[in-house]
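For reference, the chains in residue letters:
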Amino acid sequence: DFAEAGSLAFGGTTALWFLRKAGLKAGERLLVVGASGAVGSAAVQIGKALGAVVTGVASGGNLEIVRGLGADAVIDYTTTDFAASGAQYDLILDTTATAPYKRVKSILAPNGRLLAVLGGLGEMLFGNFGTSDGHKVITGTPPDDPALYREVVALGAAGQFRPLIDSRYTLDQIVAAHARVDTGRKRGSVVVELP
């Protein structure tokens, strides 16, 4: 429907652009921090479609949603510190700015990449450069690229990506829609539908 079509653009294109920029290969281990948000839920699904082994990080109440999106494993950040788990990941996609390089470098595999969709000042200033540990921090803003959108639409048409929609509002409820986003607890996208 129109709400799903509109929701493809932000989460899906952002996730796909970061995964492509990082050169995700089939079989690589992908950790998605913020796996129940708009970009994170897209990254879980698109990562699976590209052949990654995906672990999603979310709060306990969202773990079943993340599993339902196709994650191979989930971590409840309220009870487990994913950065101290000892597991190794080829890519870490951070949508919450809670996985700065200093915190996650020990769980990045050799040649691992941190994809700072939302990051701190260090990631934003020094992103897209290699580190002394052989890792790479990738930052940036996806371009407004119709080809990227077409690829996300194709994933949707193939049943490999369906945007997660938290709630729908009408235009006269725009203040309430913003308030929902501002809680920081939405699952997927908040949609404002026009008559």
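Before reading further, recall that the structure is shown in the block above.
Summarised in this report is the structure supplied together with it.

Calculation rules
- Residues numbered from 1 in each chain as written.
- Predicted model: local features only at pLDDT ≥ 70, side-chain atom pairs only at ≥ 80, totals over all residues.
- Heavy atoms only, no water.
- Axes fitted to C-alpha atoms, helices over the stretch in contact; angles between N-to-C directions.
- Helix = DSSP H or I, 4+ residues; strand = E, 2+ residues; numbered from the N terminus.
- Parallel < 35°, antiparallel > 145°, perpendicular 65-115°, else oblique.
- Left-handed = near helix turned anticlockwise from the far one by under 90°.
- Contact = heavy atoms within 4.5 Å.
- Salt bridge = Lys/Arg side-chain N within 4 Å of Asp/Glu carboxyl O.
- Buried < 20%, exposed > 50% of the residue type's maximum accessible area, 1.4 Å probe, protein only.
- 1 Å grid on protein atoms, 1.4 Å probe; cavity = no way out; pocket = protein on both sides within 12 Å on 5 of 7 lines; lining within 4 Å.
- Points joined across faces, edges and corners; volume = space filled by probe spheres on them.
- Nonpolar A, V, L, I, M, F, W, Y, C, P; charged D, E, K, R; others polar.
- Phe/Tyr/Trp six-rings, centres within 6.5 Å; stacked < 30°, edge-to-face > 60°.
- Lys NZ or Arg CZ within 6 Å of the ring centre and 35° of its normal.
- Polar contact = N/O pair within 3.5 Å; in protein donor to acceptor, adjacent residues only side chain to side chain.

The N-to-C vectors of helix 1 (residues 2-21) and helix 2 (residues 38-49) enclose an angle of 55 degrees; their axes lie 8 Å apart at closest approach. If you check the angle between helix 1 and helix 2, you find them oblique. For helix 1 against helix 2, the interelement crossing comes out right-handed. The residues of helix 2 that touch helix 1, namely those facing Phe-10, Gly-11, Gly-12, Thr-14, Ala-15, Leu-16 and Leu-19, are Ala-38, Val-39, Ala-42, Ala-43, Ile-46 and Gly-47.

Moving on: the pattern of salt bridges. Taken as a whole, this structure holds 10 salt bridges when the rule is applied. For the salt bridge of Glu-28 with Arg-113, the shortest nitrogen-to-oxygen distance reads 2.9 Å. Of this pair, Glu-28 sits in the loop between helix 1 and strand 1 (29-33) while Arg-113 sits in strand 5 (residues 108-116), and the two are 85 residues apart along the sequence. An identical accessibility class is assigned to Glu-28 and Arg-113; each is buried. Here Asp-90 makes a salt bridge to Arg-29, at a shortest N to O gap of 3.1 Å. Here Arg-29 lies in strand 1 and Asp-90 lies in strand 4 (residues 89-94), a separation of 61 residues in the sequence. Among the residues examined, Asp-90 registers a relative accessible area of 12% and is labelled buried. A residue is classified by how much of its surface remains accessible, and Arg-29, at 32% relative accessible area, is partly exposed. One network of salt bridges, with partners in common, ties together Asp-1, Arg-168 and Glu-193.

Looking now at empty space enclosed by the protein. For the coordinates displayed, the defined rule picks out 1 cavity of 30 Å³ or more. The computed volume of the largest cavity comes to approximately 40 Å³. Taken together, Ser-7, Gly-11, Gly-12, Ala-38, Ser-41, Ala-42, Phe-161, Pro-163, Leu-164 and Ser-189 form the lining of the largest cavity. Classifying every residue of the lining of the largest cavity gives 5 nonpolar, 5 polar and no charged.

Moving on to the layout of surface pockets. In this structure, the largest pocket spans a volume of roughly 580 Å³. Taken together, 26 residues line the largest pocket, and the ones lying closest to its centre are Gly-34, Gly-37, Thr-95, Thr-96 and Gly-184. At the level of secondary structure, the elements contributing two or more residues to the lining of the largest pocket comprise helix 1, helix 2 and strand 2 (53-58). Considering every element that reaches the lining of the largest pocket, the biggest residue donor is helix 2, with 3 residues. For the lining of the largest pocket, the per-class residue count stands at 11 nonpolar, 11 polar and 4 charged.

Per the stated rule, a full pass over the model turns up 1 aromatic pair. Between Trp-17 and Phe-18, the aromatic rings sit 4.9 Å apart at their centres with planes inclined by 85 degrees, giving edge-to-face as the arrangement. Given the relative accessible area of 16%, Trp-17 is considered buried. The ring of Phe-82 is capped by Arg-103, whose NZ or CZ atom sits 4.5 Å from the centre of that ring.

This brings us to the side chain of Ser-41. Relative to the helices and strands, Ser-41 is located in helix 2. Side-chain polar atoms of Ser-41 contact the backbone oxygen of Gly-37, separated by 2.7 Å. In this view, Ser-41 contacts Gly-34, Ala-35, Ser-36, Leu-69, Leu-164 and Gly-188; residues no more than four positions away in its chain are not counted.

On to the side chain of Asp-90, then. Polar side-chain contacts of Asp-90 include one of 2.7 Å to the backbone nitrogen of Arg-29. If we ignore the near neighbours within four places in the chain, the residues touching Asp-90 are Glu-28, Arg-29, Leu-108, Ala-109, Gly-112 and Arg-113.

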